[in-house]
Amino acid sequence: MSQQLSTSAQRVQNALQTLGLSVQVVELPDSARTAIEAAQAIGCQVEQIVKSLVFKAKRSERPILVVASGSNRVNEKVIEAEICEPLGKADAAFVRQHTGFVIGGVPPLGHSEVLETFIDEDLFQYEEVWAAAGTPHAVFCLKPDDLPRMTGGKVVKIK
Ligand code: 5CA
């Protein structure tokens with residue numbers, strides 16, 4: 001049977017359940033704080049790790065979520081063209097404030113507010129991918145096809 005999840009991981013589990021997805025959040029003994037660590041802890045390719053990266057739109061100061069394949073670097077120009085304003089970095093406090101989660105555990109769903117979201121098209125080449133589930137130790141496995149519904153995001157070429 002599954003163990004009791006931490007409060008943050010349970011929040012993600014509840015969000016998945018609300019969407020009707022029968023996905024189980026698991027807490028790993030090893031740290032999965034970064035995409036590389038997560039891939040090692042899970043035993044999958046780093047490309048199969050879903051990075052949930054929060055940026056701050058420079059003019060409006062609104063949060064923008066980019067859900068990217070673990071090995072990809074986000075080309076800010078692509079996102080700037082989508083949101084029609086420059087993209088800036090988010091600090092840890094901004095991430096916490098707008099998602100309710102700490103960096104290293106930010107999940108693609110279940111945030112404290114609705115975030116405008118972009119999804120990396122490269123994730124769709126894998127049958128299964130893994131995302132953070134609220135803490136640097138919690139992850140869940142999902143089908144990339146579930147990401148648009150999970151996040152309300154738009155699929156783009158982020159590289
Ligand atoms: N748990 C893993 C994957 S399952 C995870 O959350 N990886 S991640 O890539 O989605 O989150 C770590 C990311 O947080 C890094 O790639 C980096 O872009 C971002 N990050 C790390 N430190 C900071 C910081 N000080 N400020 C803003 N973003 C940061």
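Since we're looking at a predicted model, the values are computed, not measured. Counting of residues starts from 1 at the beginning of each chain's written sequence and follows it residue by residue. The predicted origin of the model limits local features to residues at a pLDDT of at least 70 and limits the giving and counting of side-chain atom pairs to 80 or more, whereas totals for whole chains, interfaces and linings rest on all residues. Water and hydrogen atoms were dropped before computing side-chain values, which therefore reflect all heavy atoms in the structure.

### Comments concerning the environment of Pro-136
Now for step 1: Counting from the N terminus, the helices are DSSP H or I runs at least four residues long and the strands are E runs at least two residues long. As for its placement among the helices and strands, Pro-136 is situated in the loop between strand E6 (129–132) and strand E7 (138–142).
Now for step 2: Classification of residues uses two cut-offs on accessible area relative to the type maximum, computed with a 1.4 Å probe and protein chains only: under 20% is buried, over 50% is exposed, and between them is partly exposed. Classification of Pro-136 by relative accessible area gives buried; the value is 11%.
Now for step 3: On a C-alpha basis, the gap between Pro-136 and Lys-51 in space is 12 Å, while along the polypeptide they are 85 residues apart.
Now for step 4: Only heavy atoms matter for contacts: two residues are in contact if any of them lie within 4.5 Å across the pair. Leave out the neighbours within four places in its chain, and Pro-136 touches Ser-31, Ala-32, Arg-33, Gly-104 and Gly-105.

### Comments concerning the pairing of strand E2 (residues 49–57)
Now for step 1: In terms of burial, E2 is largely enclosed, as 7 of its 9 residues are buried.
Now for step 2: Here, any two strands with at least 2 DSSP bridges between them count as paired. Relative to E6, E2 runs parallel, the two sharing 2 bridges. Paired with Ile-49 across the bridge in E6 is Trp-130.
Now for step 3: Both E2 and strand E3 (residues 63–69) contribute to a ladder of 7 bridges, which runs antiparallel. What sits directly across from Lys-51, in E3, is Ala-68.
Now for step 4: Between E2 and E3, which pair antiparallel in sequence order, lie 5 residues; one of them, Glu-61, sits at a positive phi of approximately 60 degrees.
Now for step 5: In this structure, E2 lies alongside strand E4 (residues 87–89), joined through 3 bridges in antiparallel fashion. Within E4, the residue paired with Lys-56 across the bridge is Gly-88.

### Re the packing of aromatic side chains
Now for step 1: Only the six-membered ring of Trp is used, alongside the rings of Phe and Tyr, when aromatic pairs are assigned; centres must lie within 6.5 Å, and planes under 30 degrees apart are stacked while those over 60 apart are edge-to-face, with the rest tilted. Using the criterion set out here, one finds 0 aromatic pairs in the structure.
Now for step 2: Geometry around Phe-101 places Arg-11 over its ring, the cationic atom sitting 4.5 Å from the centre. Think of it as a cone above the ring: NZ of Lys or CZ of Arg counts as a charge over the ring if it is within 6 Å of the ring centre and within 35 degrees of the ring normal.

### Here's the deal with unusual backbone geometry
If a residue is not glycine, its phi is most likely negative; likewise, a peptide bond is most likely trans.
Now for step 1: One non-glycine residue, Glu-61, adopts positive backbone phi at about 60 degrees.
Now for step 2: Looking at where Glu-61 falls in the secondary structure, it is placed in the loop between E2 and E3.
Now for step 3: Accessibility expressed as a relative area gives 48% for Glu-61, which makes it partly exposed.
Now for step 4: A positive phi angle is found at Cys-84, which is not glycine, with a value near 60 degrees.

### Things to note about helix H3 (residues 76–83)
Now for step 1: Every buried residue of H3 is listed here: Val-78, Ile-79 and Ile-83. Mapping the buried residues of H3 onto a view down its axis gives an arc of 120 degrees, with all of them on the same face. Of the residues in H3, the exposed ones pointing more than 90 degrees away from the buried face are Lys-77 and Ala-81.
Now for step 2: Buried positions along H3 lie against E2, E3, E4 and strand E5 (116–120).
Now for step 3: A side-chain oxygen of the first residue of H3 lies 3.0 Å from the backbone nitrogen of Lys-77; this N-cap is Asn-75.
Now for step 4: Directly after H3, the chain includes Cys-84, whose backbone phi takes a positive value near 60 degrees. The directions considered for the arc are those from the helix axis to the C-beta atoms. What qualifies as a polar contact is a pair of N or O atoms within 3.5 Å, subject to a donor-acceptor requirement within protein and to the restriction that residues adjacent in sequence count only when both atoms come from side chains.

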